[in-house]
Structure formats: C-alpha cells, structure tokens
Amino acid sequence: EDTAASGAPAVEPGKVLIVYLSRTSNTKAVAGIIQRTVGGKVVALELEKPYPANYQATVQQVSDENEKGYLPPLRTSVENIRQYDVIFVGFPTWGMQLPPPLKSFLKQYDLSGKTIVPFSTHAGYGVGSGFETVKAMAPRSTVLEGFSTKGGVERDGVLFVMAGNKEKQVQNEVQAWLKRIKLLSSK
Ligand SMILES: Cc1cc2nc3c(=O)[nH]c(=O)nc-3n(C[C@H](O)[C@H](O)[C@H](O)COP(=O)(O)O)c2cc1C
C-alpha cells in the first residue's frame, strides 16, 4: 500500500532540525525525505578538513580516528540550536560505528532536554553501534527509535541508490517509522 499521501506532521516544523553527514548522498536523500514529510531545517555536517576522495584512504583514516577517539573539527555551525526541540541526526555506517564527525557534533552541542532521532544508511551490514553511541553521547536527551536502510556499496563502486523504486520504498518506510515514533499523525 502506498502511504505517501497520508499523515500530517505532529511537531511544529520550525522546531525540527535535520543534521546529516553524507559522502555519496544516500543519507542526504533520506534527510530530504524526512524534511518533505515533517518539515524542518536541513543542515549538512561539513568538516574543516574533508575526508580524502579515495575510499580506502577514508576507511583507514576513520579507523585511526575511532581508535584514537579523535573528534574532527566541524566547519558547519548550527545557529541558535536552542530553537529546536526535535533533532534528527543522519549518518552512513562507517566501520560499523557512528562516524567521527557525528561524535564531534554530539560532543559540541548541548542537546539536553531535546528529542534526538537517529537515522542511517549502510552497505548491507546495518547500523552497527551507531544508534547506541548516539544514546550514550546524549544522556540528557530522549533518543527515539532510529531508522536504517541499505544505501550504497562504495567498496564495489555502487554510489547513489536512492532513486526510482528504492526511493519510493524508503519514502514508505520513513512514513511508517515516523508514525510509529509519533512524529507523524496516522489517520
Ligand atoms: C569509510 C567508510 C566506511 C564504511 N563502513 C561501512 C560498514 O562498516 N558497514 C556498512 O554496512 N557500510 C559501510 N560503509 C558504506 C556506507 O555506509 C554506505 O555506502 C552508505 O549508504 C553511504 O552513505 P552516504 O551516501 O550518505 O555517504 C562505509 C563507507 C565508508 C565511506
């Protein structure tokens, strides 16, 4: 059943922030689907020093950063984060973990009292510890059930996949998820 037309946002769009990290635009596409469904401001997380274009070099750098607990400085700054009540945080699964830039974001901003909604894309291995780390790093926030879907497989040269039937499928899954966590009214 196509549910694309049903439901209305159950939260004021002006109070919704959608922050995401994306290298090959799959997570960005999910952020866009969420934005078109509940509204809100979309912000891409960018680094002062971007990761290499080369995939293997990035895998290695991320692995080193995870090992050292290094938090890469963000170029992005979110203006007036206090105005937001609901903060979506989206990311690709990297090394079965939360990517370092998301750790930088969660460390840098005071999100106490806010509702955090994580989402991720992955290459088929799932979210790993990503959602758990969001919870651990935001102990004074309410972290809702996350959403995760298969995105690209950069290792095999499969980059952006959120088009056509896959995009429609993800739209429907996102709708169902947002209803489940009561950010979209079900009718
Ligand atoms: C550095 C790096 C590490 C990755 N590690 C994993 C992983 O551990 N498990 C997995 O399923 N996918 C992994 N992937 C694949 C991405 O999660 C997947 O392609 C995702 O859809 C990319 O999202 P994006 O297009 O928003 O960047 C990795 C990708 C990169 C670049």
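Residues numbered from 1 in each chain as written. Predicted model: local features only at pLDDT ≥ 70, side-chain atom pairs only at ≥ 80, totals over all residues. Heavy atoms only, no water.

Student: Please provide a residue-by-residue account of the overall build of the protein, values included.
Tutor: Scanning the protein from terminus to terminus reveals five helices and eight strands. For 187 residues, the compact-globule estimate of 2.2 N^0.38 gives 16 Å, and the C-alpha radius of gyration of the protein, at 16 Å, lies within 12% of that figure. For the protein, the spread of C-alpha atoms along the principal axes amounts to about 50 × 35 × 25 Å. Scored against the burial criterion, the 187 residues of the protein give a buried share of 46%. Sequence separation of 24 or more characterises 81% of the internal contacts of the protein that already satisfy a separation of 6 or more. When the accessible area of the protein is evaluated, it comes to approximately 9400 Å², of which 49% is carbon and sulfur surface. (Helix = DSSP H or I, 4+ residues; strand = E, 2+ residues; numbered from the N terminus. Rg over C-alpha atoms; globule rule 2.2 N^0.38 Å. Buried < 20%, exposed > 50% of the residue type's maximum accessible area, 1.4 Å probe, protein only. Contact = heavy atoms within 4.5 Å. Areas by Shrake-Rupley, 256 points an atom, 1.4 Å probe, with all protein chains shown as cover.)

Student: For the site of the ligand, give the residues involved together with the corresponding values.
Tutor: Neighbouring residues of the ligand: 22 residues in total, closest Ser22, Arg23, Thr24, Thr27 and Thr121. Residue Ser22 places a side-chain N or O atom 2.5 Å away from an oxygen atom belonging to the ligand. Between the ligand and Thr93, the relevant distance is 2.8 Å, taken from an oxygen atom to a main-chain nitrogen or oxygen of the residue. Taken by itself the ligand offers 640 Å² of open surface, and the protein chains cover 94% of this. Of all elements in the fold, only α1 (26–38), α2 (55–68) and β5 (115–122) reach the threshold of two or more residues within the shell around the ligand. Of the residues forming the shell around the ligand, the biggest block, three residues, is contributed by α2. (Near = heavy atom within 4 Å. Polar contact = N/O pair within 3.5 Å; in protein donor to acceptor, adjacent residues only side chain to side chain.)

Student: Which residues make up the packing of aromatic side chains, and what values do they have?
Tutor: Counted according to the given criterion, the structure contains five aromatic pairs. Aromatic ring contacts, followed pair by pair, group Phe88, Phe147 and Trp177 into a single cluster. (Phe/Tyr/Trp six-rings, centres within 6.5 Å; stacked < 30°, edge-to-face > 60°.)

Student: An account of the packing of helix α3 (residues 100–108) against helix α4 (residues 130–137) is requested, with residue identities and associated values reported.
Tutor: Where α3 meets α4, the axes come as close as 10 Å, and the angle between the chain directions of the two elements is 20 degrees. Taken as axis vectors, α3 and α4 run roughly parallel relative to one another. For the pair α3 and α4, the sense of crossing is right-handed. Within the contact between the two elements, α3 uses Lys103, Leu106 and Lys107 and α4 uses Thr133, Val134 and Met137. (Axes fitted to C-alpha atoms, helices over the stretch in contact; angles between N-to-C directions. Parallel < 35°, antiparallel > 145°, perpendicular 65-115°, else oblique. Left-handed = near helix turned anticlockwise from the far one by under 90°.)

Student: So what about the environment of Val16? Which residues, and what values?
Tutor: Mapping Val16 onto the fold places it in strand β2 (residues 16–20). In this structure Val16 comes out as buried when scored by relative accessible area, which is 0%.

Student: How would you summarise the pairing of β2 if you had to cite specific residues and measurements?
Tutor: With five of five residues buried, β2 is to be regarded as a mostly interior element. Relative to strand β4 (residues 86–92), β2 is paired through five bridges, and the arrangement is parallel. In the strand pairing of β4, Ile18 is matched with Phe88. As paired elements, β2 and strand β3 (residues 41–44) share four bridges and run parallel to each other. Bridged to Ile18 within β3 is Val42. (Pairing = 2+ DSSP bridges.)

Student: Which residues make up unusual backbone geometry, and what values do they have?
Tutor: Residues other than glycine seldom take positive phi values, yet Ser25 does so here, at roughly 75 degrees. With respect to the element layout, Ser25 can be found in the loop between β2 and α1. The class of Ser25 is partly exposed, set by a relative accessible area of 31%. We note that Met96 has phi near 60 degrees; this positive angle belongs to a residue other than glycine. Within the secondary structure, Met96 sits in the loop between β4 and α3. On the accessibility criterion, Met96 (34% relative accessible area) is partly exposed.

Function cannot be inferred from these measures alone, as they are strictly geometric.
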